[in-house]
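Analysis of the macromolecular model
Chain residues, written in single-letter form:
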Amino acid sequence: MSGRRGTAGVADGGSATLRLLVGQDADDAGKLAAEVVLGAVRANPALVLGLATGSSPLPLYAALSASGVDFSRISGFALDEYLDLPDGHPQSYAEVIRTEVTEPLGLDPARVHVPDPHGRDHAAHAAAYDAAIAAAGGVDVQILGVGSNGHIGFNEPGSAFGSRTRVVPLAERTRRDNARFFASAEEVPTQCLTQGIATILEARHLLLVAHGGHKAEAVHRALRGPVTEDFPASVIQRHPQVTVVLDRSAASLLA
Ligand code: F6R
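Description of the structure in this document. (Residues numbered from 1 in each chain as written. Predicted model: local features only at pLDDT ≥ 70, side-chain atom pairs only at ≥ 80, totals over all residues. Heavy atoms only, no water.)

What about the site of the ligand?
Worth spelling out the cut-off: Residues are classed as near a molecule or strand on a simple rule: at least one heavy atom within 4 Å of it. Throughout this description, a polar contact denotes any pair of N or O atoms lying within 3.5 Å of each other; where both atoms belong to protein, one of them has to be capable of donating a hydrogen while the other can accept it, and for residues adjacent in sequence the pair is counted only when both atoms sit in side chains. For the area figures, the Shrake-Rupley method with a 1.4 Å probe applies, and any residue is considered shielded solely by the protein chains shown. Charged means Asp, Glu, Lys or Arg here, nonpolar means Ala, Val, Leu, Ile, Met, Phe, Trp, Tyr, Cys or Pro, and polar covers whatever is left, Gly included.
With respect to spatial proximity, 14 residues lie near the ligand, and among them T53, S56, H151, G153 and K215 are the closest. A distance of 2.6 Å is found between an oxygen atom of the ligand and a side-chain nitrogen or oxygen belonging to H151. R180 places a side-chain nitrogen or oxygen 2.8 Å from an oxygen atom of the ligand. Within the complex, the protein chains bury 95% of what would otherwise be the 400 Å² of accessible surface of the ligand. Split into classes, the residues belonging to the shell around the ligand amount to three nonpolar, eight polar and three charged.

Have a look at this one:
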């Protein structure tokens, strides 16, 4: 995949055309992804944005922050949050969203939502979270990363395509992958609250970002593999509006 921009037809089971943009490197891909978000913000300054955490969207958030655009009317809904971390832990996604997104982009903190892992009734909170997304008018642009095992949000392999926001156990591979954010592998939480796959699919536009050769296989399976709950990211092939933004390394297995 050498072109900076290209369009790929969906391989299997999809009814839509998926737009594929390829940057030279992670920063370049972040700028391309930012252009997608900025176009949506220009059309609707009160956009509802779905927010991923982790490494993949950081170049995108950096490019949005550098744009100088006014994001103060935007609402944000995070994809997921760990259970069992103390309130204010720097790796809690509430903190990551605050430091990587809300503050640098100048979002209104009152409009930024992260699943709350500290209540007693997670099922009720999860249902209320989905209801809050719906009450906000639904997510306009959902930023997604992909796990090396194909998870989106923390919908691990085997998650039902009809799943809603809920508590799930993290796969051992995910805990290993995310150990880099913690002092030791044991510190990585074992459970989280995640938007479900059906929740994610309700977003009007999915924007999946990935960079690095270690993501090439997951990207290939998500875009070109069979649509299966065993590889949750493959479900994006069924969504009518998807943009995938990669760097050359992450795109290296796409013909
Ligand atoms: C995080 C999330 C996850 C990550 C995925 C990739 O909010 O929903 O699906 O997007 O684990 O993580 P990175 O980008 O750190 O490789």
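Re unusual backbone geometry
Put simply, the rule reads: Only runs of H or I of at least four residues qualify as helices and only runs of E of at least two qualify as strands under DSSP, and these elements are numbered from the N terminus. With a 1.4 Å probe rolled over the protein chains alone, any residue whose accessible area is under 20% of its type maximum counts as buried; one over 50% counts as exposed, and the rest are partly exposed.
A positive phi angle, close to 75°, is found at D84, a residue other than glycine. Tracing the sequence through the fold places D84 in the loop between strand 5 (80–82) and helix 3 (93–105). Residue class for D84 comes out exposed when judged on its relative accessible area of 57%.

Brief notes about the packing of aromatic side chains
Stated formally: Working definition: a ring pair exists when centres of Phe, Tyr or Trp rings (six-membered ring for Trp) sit within 6.5 Å. Plane angles under 30 degrees give stacked, over 60 give edge-to-face, the rest tilted.
Inspection of the entire model under this criterion finds five aromatic pairs. Ring geometry for Y93 against F154: centres 6.1 Å apart, planes inclined by 15°, an arrangement best described as stacked. Highlighted residues: Y93 in helix 3 and F154 in the loop between strand 7 (141–144) and strand 8 (166–169), separated in sequence by 61 residues. Note on F154: relative accessible area 4%, which makes it buried. Aromatic rings pair up to connect Y82, Y93, F154 and F182 into one cluster.

Quick notes on the packing of helix 1 (residues 26–43) against helix 2 (residues 58–67)
Going by this rule: The axes used here are C-alpha line fits, helices contributing only the stretch in contact, and every angle between their N-to-C directions lies in the interval 0 to 180 degrees. Angular relationships are summarised with four words: roughly parallel below 35 degrees, roughly antiparallel beyond 145, roughly perpendicular across 65 to 115, and oblique for the angles in between. The handedness criterion is simple: a crossing whose near helix is rotated anticlockwise from the far helix by less than a right angle is left-handed, and one whose near helix is rotated clockwise is right-handed. Between two residues, a contact is recorded if the distance between any of their heavy atoms is within 4.5 Å.
Contact pair helix 1 / helix 2: the axes reach a minimum separation of 7 Å and the direction vectors enclose 60°. Viewed along their axes, helix 1 and helix 2 adopt a mutual orientation that is oblique. Crossing handedness for the pair helix 1 and helix 2: right-handed. Contacts from A26, D27, G30, K31, A33, A34, V37 and L38 of helix 1 reach helix 2 at P59, L60, A63, L64 and S67.

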